[in-house]
Every structure is written in structure tokens, then in C-alpha cells.
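In case you want the letters, here they are:
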Amino acid sequence: MAPRVAIIGAGFGGLCMAIQLERAGIRSYTVFEKADGLGGTWRDNSYPGAGCDIPSHLYSYSFEKYASWTRRYPEQPEILGYLEHCADKYDVRRKIRFRTEVRRAVFDGSQWQVTTSPPDGEAERTEAYDVVVLGVGQLNRPRLPDIPGMPDFEGVSFHSARWNHDHDLTGRRVAVIGNGSSAAQFIPRVAEQAERLYVFQRTPNWVIPKPDATFGPLARLAFRFVPGLQRAYREWIYRYAETTLYPALAQGWSVDLLKKRALGHLRDQVPDPELRAKLTPDHPPGCKRVVIDSAFYPALTRPNVDVVTDKIARIAPKGIETTEGLRAVDTIVYATGFRSTEFLTPMEIAGRGGRSLREQWAGGAEAYLGISVPNFPNMFLLYGPNTNLGHNSIVFMIECQVNHIMACLPHLSERGPIEVRPEVMAAWSRRLDAAMERMVWGAGCQSWYKTADGRVTNNWPGRTTLYRRLTARPPLDAYRPVPAG
Ligand code: NAP
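Just so you know, these numbers come straight off a predicted model, no measurement behind them.

### What about the nonpolar core?
Ile7, Phe12, Leu15, Met17, Leu21, Tyr61 and Tyr368 are the most contacted members of the largest nonpolar core, which has 69 residues in total. A total of 12 residues in this core trace back to one element, the largest contributor, which is helix 11 (residues 394-415). Summarising the domain contributions, this core has at least three residues from each of domain 1 (5-141 + 339-481) and domain 2 (150-214 + 227-334). Contact partners of tyrosine 61, with chain neighbours within four places excluded, come to Gly11, Phe12, Leu15, Cys16, Ile19, Tyr82, Leu83, Cys86, Arg234, Val395 and Glu399.

If you want it as C-alpha cells, here you go:
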């Protein structure tokens, strides 16, 4: 009998899992989605200028080629449109329960009891599933900073991932706190509208150009009809990222190239030496996520924009107070990132013998291949610990994870619940630690890739070709039937 599968989240990960189950003829699954639409991060992040700095043809499923991309780098509405297209084409929308939040998942010895709070204030509901697939991602919970005085602000404030589209920024005095990839994308749009824009920068980032281009009707026709063109183009982008960008993160031959490219970009776009000095990072490139954008620096050079590097002391009712005084603003946008290392919270997950996942992960989240966790049988993660990339497409990683889970399903049907062997997990952690040594993320910077005590819990330290090989291998020997107790 086909296993009953609960998929949590209807973003890139959850949808991919649902589609592959459909394609395999397994219809006994349900997708739980707490929002009222699909798309995950691409539904949440609708700030002006939101888009992806990974090219469209690679930031998409390998099995669903799409000839409709209008640009080399997709914007948020187009990515959302692609996901809607996939959900409809593979007929998975009917299986999504929207506005239904999973509160708890408890393994009862043979099945998962999944408790949801359904829409419209109905009572909590618990249903049994054989398998749980968690596709909630790493960047789903906005992180507001802890700055004194925040509640006292008399203007309008919001997080970049919860953009207040009803608040017109025309003629406003706006403060943006943060200058990561999200801020870099919306600052150029906000700068055009606002009367004054203060960008509060704590740490400058490395920024490289985004060579965007539109695909006109001819290019789109070619992608649709020329055999192999889309595949070859996708492969070329993928290979470029693996062979040129990855070695920079592994502190290999292309570090200087990346640095030169970024410093050249800064020199070309920021003529003022004082501003250039403020924007020059002093950490190694790649230690924090490199920003890929060609409109960010020009926006910072506008006469109505100030880059403020004084330390923020507090939020006052009328603005932001730094060591140098008050910047009066009526709007604050917190582009302060996500609670990225708190995987799966606030869901409560209890595995074999009532073990709490939160307690097991108290020292930092970890999972075999980023997918499976000892003591949590028949539970699988998508975009789990140590599977984020700084150089290539997450969608590639998600597909590898879904392939692995699909390869596990027949075994757990035959043998009952299976879990990753603890010794396999321990060997995996040692291997990760060793691989992490050569990566740039440990070196001299704080980032969303790691916990407060410096453990990198989010990123994959190898090439993605290695990850594909490891996840494709029949996984049987890594797993064992659930032991008693
Ligand atoms: P982020 O990279 O975590 O950046 C957060 C920013 O807020 C940083 O500049 C940080 O400064 C600042 N910050 C946090 N707390 C602060 C405080 N108390 N006071 C002052 N500044 C503070 O978040 P993000 O920009 O939302 O991006 C998150 C990730 O989403 C990216 O790295 C990327 O992986 C993904 N993303 C991808 C794309 C894409 O095109 N593919 C686009 C957007 C986002 P410090 O640097 O000093 O900590």
C-alpha cells in the first residue's frame, strides 16, 4: 500500500515533493500550507524589486523546462507564476490545504500524528501519516532586531519580507536597516520614491554585477523550439557556478578573481572615495552572502540617499538615534534577515520515545545529507541543515533531496519505519566538519549561515555535483528499521 505522506510547506521544496509523488502515481499525500497561497519565500517576499540573482533557467525544476522566462534573472512575480504553473500542470493544487498550520508532529512508534490548526478558528485536528516531509525552508521566519525603543516609533515600520504595500513611500523619509541581498534589491526602488533615504549599514558586503538581460520573443521562441537549447544553457550556467564561484568559497583559485570583480564594480559605480571606503568590506569575499546586483551602488550615490555607518543607539519616536545624533524618519524598513538557524521552529516535533527535535538540536541543527535525523523515523527534510548554497541554485539541491526521499519510500513500505543509523550520522558530521575547514564561512565574519557560537549549520561545503552523487546512491545501508523503545 502506498504510504500516506504529509508534506509541510508549499514552496519550491514541498511542491517538488508533491509533483514527484504524483508522477510516481502516489496520490496518498497532503500538502499543508499555513498561508493562503503557494510559493513559500516567493510569496512572502514581494518587496519592490524582489527577484532572484540565480538565472531563471537554473532557478527552476530540471523536469519542467519553461520557455516563458522574460529575463535572464527572474523577478518575484515570474517565479511565483512559474510555481503556480507547475502546481497546475502536475495537478497538485487540489492536494494543498491552505491556511492550515502544522503545530505538532509526534511519532507514535509506527506513524506520525500530525496536528494542524485549520483555518477559521476551527479546533485543532490530528491525523496519522506514515511519512513526514518538512519543506519549510531556512528563510521563512523574519528576524526583527532587538534595538531599544522599537515599540515607541510613531511612524510606520515593517520587515522586508512583510512589505506594507498600502504604505506609499512617495515623498517619505525612510530608514532601511540592513544591506543584504534583500535590501540591495529594494533600495534602488525606494530611493526613487523617497524624499530621503538613510541606509543603516553595519557591515559592508561584497557586491558583484548582475548581468541581467531580457529575453525577447525570438529568444523565447528559440528556447521553446530549438532542441536542447534550454538544457545546454542551463548546463552552462550550472557549470560556470561550479567551476568559478564554488572555488572562491573554498578559498581556491578564484578568490582573487571574485575580489577583483567586486572592487572593480565598486570603483566603476561609486566615484566618491569617501563613500567607496564605507562600502569596502574587510572580511573575505563569500564569508557572508555575496550580493549580486547592478542597481544597488548607483542608488547609494543619489543625492537623496545617505549610507549611515554610525552605530544605532535606539529607535526614537521620530526616527533613529545613532552615536552621531537623530535621523528623523517616518518609515523604517527592517531588512534584517531571517531566523535561519532555528530550523523548523515553532513546530513541535517529537520522534521515537518522545524525543524533542528542538532538544536534540540544542547545539545546532544537523541531519544526514541535510535530510534525515536519527531518532526521527520516516521524517525527511527539504532544504534542511547544511544544504544552503552561496554559489548555485537551491532548486538543484531540493531535487536531489526529493530523489533521495523517493528512493527511500519503497524500503519503508517493505520494512516499516526506517531511520538513519546514528553511526552514519556521526560519520556524516565528522565529514562535514572536515569539509567546512576549507570554506570561507568560518573566517572572521558573522552571517546567517551560522549559529551565535560560530557553527555553520546552514551551508553545504562541497560541490553540488558531490551532493547529487551522495543523495542519488541507494540509501538503504544508511538506514535501519526502527529499533524497539
Ligand atoms: P541578511 O543577508 O541576513 O541581511 C541582514 C542585514 O541586516 C545585514 O546587513 C545585517 O548586518 C543587518 N542587521 C541585522 N540586525 C541588525 C541590527 N540589529 N542592526 C543593524 N543591522 C542589522 O538578510 P537578507 O538581505 O534578507 O537576505 C537573506 C538571504 O536571503 C540572502 O543572503 C540570500 O541567501 C537570500 N536572498 C536571495 C536573493 C536572491 O536574489 N537569490 C534575494 C534576497 C535574499 P550585518 O551584516 O552586520 O549582520
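### So, the environment of arginine 173
Relative to the assigned elements, arginine 173 resides in strand 9 (residues 173-177). Exposure remark for arginine 173: the relative accessible area of 24% places this residue in the partly exposed category. Between the C-alpha atom of arginine 173 and that of glutamine 111, which follows or precedes it by 62 residues, the distance is 55 Å.

### A closer look at the sheet that holds strand 14 (residues 312-316)
Taken in spatial order, the 3 strands make up an open sheet running 14-15-16, and their pairing is antiparallel. The open sheet has two free edges, formed respectively by strand 14 and strand 16 (325-328), since each of these has just one partner strand. Each strand axis lies, on average, 25° off the axis of its neighbour in the sheet, ignoring direction. Pairing of strand 15 (residues 319-322) with strand 16, which is carried by 4 bridges, proceeds in the antiparallel orientation. Across the sheet, glutamate 321 pairs through a bridge with leucine 326, a residue of strand 16.

### Remarks on helix 3 (residues 76-89)
With 14 residues, helix 3 should reach 20 Å at 1.5 Å per residue; the first-to-last C-alpha distance of 20 Å fits that figure. Within the sequence span of helix 3, burial applies to Gln76, Glu78, Ile79, Leu80, Tyr82, Leu83, Cys86 and Ala87. Looking at the buried positions of helix 3, the neighbouring elements they touch are helix 1 (12-23) and helix 2 (41-44). A positive phi of about 55° marks aspartate 91, the residue just after helix 3.

### Quick notes on the site of the ligand
Around the ligand sit 23 residues in total, of which Asp53, Asn179, Ser182, Thr203 and Trp448 are the nearest. A distance of 3.2 Å separates an oxygen atom of the ligand from a polar atom in the side chain of glutamine 185. The side chain of arginine 202 places a nitrogen or oxygen atom 2.9 Å from an oxygen atom of the ligand. Relative to its unbound accessible surface of 910 Å², the ligand loses 85% to contact with the protein.

### Observations regarding the domain arrangement of the chain
Considered domain by domain, the chain is made up of domain 1 (5-141 + 339-481) and domain 2 (150-214 + 227-334). Contacts between the two partners involve 48 residues from domain 1 and, on the opposite side, 39 residues from domain 2. Summing both partners gives a buried area of about 4,000 Å² for domain 1 against domain 2, and 51% of it is carried by carbon and sulfur. Per-residue buried area on domain 1 facing domain 2 is highest for Tyr47, Asp53 and His391; these three make up 17% of the total on that side. A salt bridge links aspartate 44 to arginine 162; the nearest nitrogen and oxygen atoms lie 3.9 Å apart. Along the contact surface separating domain 1 from domain 2 lie 25 residue pairs in polar contact (both at pLDDT 80 or more). Contributions of two or more residues to the side of domain 1 that touches domain 2 are made by helix 11 and helix 13 (464-472). For the side of domain 1 that touches domain 2, the class distribution of residues is 19 nonpolar, 18 polar and 11 charged.

What counts and how
- Residues numbered from 1 in each chain as written.
- Predicted model: local features only at pLDDT ≥ 70, side-chain atom pairs only at ≥ 80, totals over all residues.
- Heavy atoms only, no water.
- Core = buried A, V, L, I, M, F, W, Y, C linked by side-chain atoms within 4.5 Å.
- Buried < 20%, exposed > 50% of the residue type's maximum accessible area, 1.4 Å probe, protein only.
- Helix = DSSP H or I, 4+ residues; strand = E, 2+ residues; numbered from the N terminus.
- Domains from an automatic or database assignment.
- Contact = heavy atoms within 4.5 Å.
- Pairing = 2+ DSSP bridges.
- Axes fitted to C-alpha atoms, helices over the stretch in contact; angles between N-to-C directions.
- Expected span 1.5 Å × (residues − 1).
- Near = heavy atom within 4 Å.
- Polar contact = N/O pair within 3.5 Å; in protein donor to acceptor, adjacent residues only side chain to side chain.
- Areas by Shrake-Rupley, 256 points an atom, 1.4 Å probe, with all protein chains shown as cover.
- Buried area = accessible area lost by both parts, 1.4 Å probe.
- Salt bridge = Lys/Arg side-chain N within 4 Å of Asp/Glu carboxyl O.
- Nonpolar A, V, L, I, M, F, W, Y, C, P; charged D, E, K, R; others polar.

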